[in-house]
Amino acid sequence: MLTPFEIQEAIETELERMDSLVSQLTVAVRESAQAETDFKVGFAQERLRVRAEALESGNKVTIDQADDHATVATADVRYRSQLATNNVMTLREAIRVSQTHIDGLRTLAASHRQVTP
């Protein structure tokens, strides 16, 4: 069993970890938003390019064909967007785990308190 001092140190360490995770999450949310925007804009640009080329050449292109071309052309950007989104979810989960750890430490600390009649 941990001593009250060890519990206090563990809580302080966990609070510092949470502070770092929150800072990382702030950055990750911005990066995720930028990555999603990059993907959506790139996808739309590619669809427009395919449609314009088809129009210039006199060929018909279906919506599905334009989407397929855009999907292939923007696969790397989409991958980065999905990684950024997953990073945000991972950091949020790490913060929840840290909060749970702190709650457990607080419960443990409460068991050390002496009740005076």
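Refer to the structure printed above.
In this report, the structure presented in the accompanying data block is examined. Computed from a prediction, not measured in an experiment: that's the story for all the values here.

What counts as what
Residues numbered from 1 in each chain as written. Predicted model: local features only at pLDDT ≥ 70, side-chain atom pairs only at ≥ 80, totals over all residues. Heavy atoms only, no water. Helix = DSSP H or I, 4+ residues; strand = E, 2+ residues; numbered from the N terminus. Rg over C-alpha atoms; globule rule 2.2 N^0.38 Å. Contact = heavy atoms within 4.5 Å. Lys, Arg positive; Asp, Glu negative; His and termini not counted. Charge placed at Lys NZ, Arg CZ, Asp CG, Glu CD. Phe/Tyr/Trp six-rings, centres within 6.5 Å; stacked < 30°, edge-to-face > 60°. Buried < 20%, exposed > 50% of the residue type's maximum accessible area, 1.4 Å probe, protein only. Salt bridge = Lys/Arg side-chain N within 4 Å of Asp/Glu carboxyl O. Polar contact = N/O pair within 3.5 Å; in protein donor to acceptor, adjacent residues only side chain to side chain.

**Here we look at the overall build of the chain**
Link 1 in the chain: What the chain contains, in helices and strands, is 3 helices and 0 strands.
Link 2 in the chain: Helices and strands in the chain line up, N terminus first, as α-α-α.
Link 3 in the chain: On C-alpha atoms alone, the chain measures out to a radius of gyration of 25 Å, which is more than a quarter above the 13 Å that the 2.2 N^0.38 rule sets for 117 residues.
Link 4 in the chain: Pairs at least 24 apart in sequence give 83% of the contacts found in the chain among residues at least 6 apart.
Link 5 in the chain: On the chain, the mean spot of the 13 positive side-chain charges and the mean spot of the 18 negative ones are 7 Å from each other.

**Considerations on the packing of aromatic side chains**
Link 1 in the chain: Within the structure shown, the criterion is met by 1 aromatic pair.
Link 2 in the chain: The interplanar angle of 50° and the centroid separation of 5.8 Å between the aromatic rings of Phe 39 and Phe 43 together place this pair among those described as tilted. With Phe 39 and Phe 43 both in helix α1 (residues 4-57) and 4 residues apart, this pair spans about one turn of that helix. The burial state of Phe 39 is the same as that of Phe 43; both residues are buried.

**Some points on the pattern of salt bridges**
Link 1 in the chain: Following the criterion strictly, the structure yields 6 salt bridges and no others.
Link 2 in the chain: A salt bridge links Glu 14 to Arg 17; the shortest N-O distance between them is 3.1 Å. In this pair, Glu 14 and Arg 17 are both assigned in helix α1, 3 residues apart and thus about one turn of the helix distant.
Link 3 in the chain: When its relative accessible area of 8% is taken as the criterion, Glu 14 is described as buried.
Link 4 in the chain: Since its relative accessible area comes to 38%, Arg 17 is described here as partly exposed.
Link 5 in the chain: Ionic pairing is found between Glu 46 and Arg 49, a salt bridge with its closest N-O pair at 2.3 Å. Placement of both Glu 46 and Arg 49 in helix α1 is noted, with a separation of 3 residues, approximately one turn of the helix.
Link 6 in the chain: Put simply, Glu 46, Arg 49 and Glu 53 are held in one network by salt bridges that share partners.

**Focus on the side chain of Glu 46**
Link 1 in the chain: On the basis of relative accessible area, Glu 46 is assigned to the buried category, the value being 15%.
Link 2 in the chain: At a separation of 2.3 Å, a polar atom in the side chain of Glu 46 contacts the side chain of Arg 49.
Link 3 in the chain: Excluding its chain neighbours within four sequence positions, the residues that come into contact with Glu 46 are His 69, Ala 70 and Ala 73.

**A few points about the environment of Ala 33**
Link 1 in the chain: Residue placement: Ala 33 occurs in helix α1.
Link 2 in the chain: For the pair Ala 33 and Thr 13, spaced 20 residues apart in sequence, the C-alpha separation works out to 30 Å.

In short, shape yes, function no, at least from these values alone.
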